[in-house]
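Examining the three-dimensional arrangement
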Amino acid sequence: MKTDKFVEDVYNTLEGQLVEEACVPGVENLYAEDKVCMKWYTDILDAYGRLCDRLGVQDEDADVEIIINSFLSICRETGYHMYHYGAKFGKKDAD
């Protein structure tokens, strides 16, 4: 899905990927220290470390990287679509 810069900035603000000055005002960082997304992300990293230990891998496992990165891409694509559908259908509700 093609996205515009604003939608990407909203998503990157949600992910905590932007410096504070570049964040979209009114959009929270879902990965801030006290947020549940950070807890889940920490759980993922901890499980990844344990899996690499069991596999005898020193740094990264290529297949696990594919799995994690693919899920992150799915989340990004879903987020972009949700934003656009919200804009599309939200206008109908405002009428």
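Just above sits the structure.
Residues numbered from 1 in each chain as written. Predicted model: local features only at pLDDT ≥ 70, side-chain atom pairs only at ≥ 80, totals over all residues. Heavy atoms only, no water.

**Details of the overall build of the protein**
Helices and strands together make up the secondary structure of the protein, namely three helices and zero strands. In the protein, the order of α-helices and β-strands from amino to carboxyl end is α-α-α. Its C-alpha atoms give the protein a radius of gyration of 17 Å, clearly above 12 Å, the size a compact globule of 95 residues would have. Over its C-alpha atoms, taken along the principal directions, the protein stretches across nearly 60 × 25 × 20 Å. Here the protein holds 95 residues, and 15% of them are scored as buried. Long-range contacts, defined here as pairs at least 24 residues apart, represent 35% of the contacts in the protein between residues at least 6 apart. Summed over its atoms, the accessible surface of the protein is roughly 7400 Å², and 57% of this surface lies on carbon and sulfur atoms. (Helix = DSSP H or I, 4+ residues; strand = E, 2+ residues; numbered from the N terminus. Rg over C-alpha atoms; globule rule 2.2 N^0.38 Å. Buried < 20%, exposed > 50% of the residue type's maximum accessible area, 1.4 Å probe, protein only. Contact = heavy atoms within 4.5 Å. Areas by Shrake-Rupley, 256 points an atom, 1.4 Å probe, with all protein chains shown as cover.)

**Considering helix α2 (residues 36-55)**
Here α2 contains 20 residues, and its C-alpha end-to-end distance of 28 Å stays within 8% of the 28 Å for a straight helix at 1.5 Å per residue. Within the span of α2, buried status applies to Cys37, Tyr48 and Cys52. Relative to the axis of α2, the buried residues are bounded by an arc of 50° and lie together on one face. Opposite the buried face of α2, by more than 90 degrees, sit the exposed residues Asp53 and Arg54. Phi for Gly56, located one or two positions after α2, is positive at around 75°. (Expected span 1.5 Å × (residues − 1). Arc of directions from axis to C-beta.)

**Examining the pattern of salt bridges**
Counted under the stated rule, the structure contains four salt bridges. The residue Lys5 makes a salt bridge to Asp9 at a minimum N-O spacing of 3.1 Å. With Lys5 and Asp9 both in helix α1 (residues 5-14), this residue pair falls four residues apart, about one helical turn. Exposure remark for Lys5: the relative accessible area of 60% places this residue in the exposed category. Asp9 gets classed as buried once you look at its relative accessible area, which sits at 17%. Taking the shortest distance from any N to any O, the salt bridge between Glu15 and Arg76 comes out at 3.5 Å. Separated by 61 residues along the polypeptide, Glu15 in the loop between α1 and α2 and Arg76 in helix α3 (residues 62-94) bring together distant segments of the chain. Glu15 gets classed as buried once you look at its relative accessible area, which sits at 16%. (Salt bridge = Lys/Arg side-chain N within 4 Å of Asp/Glu carboxyl O.)

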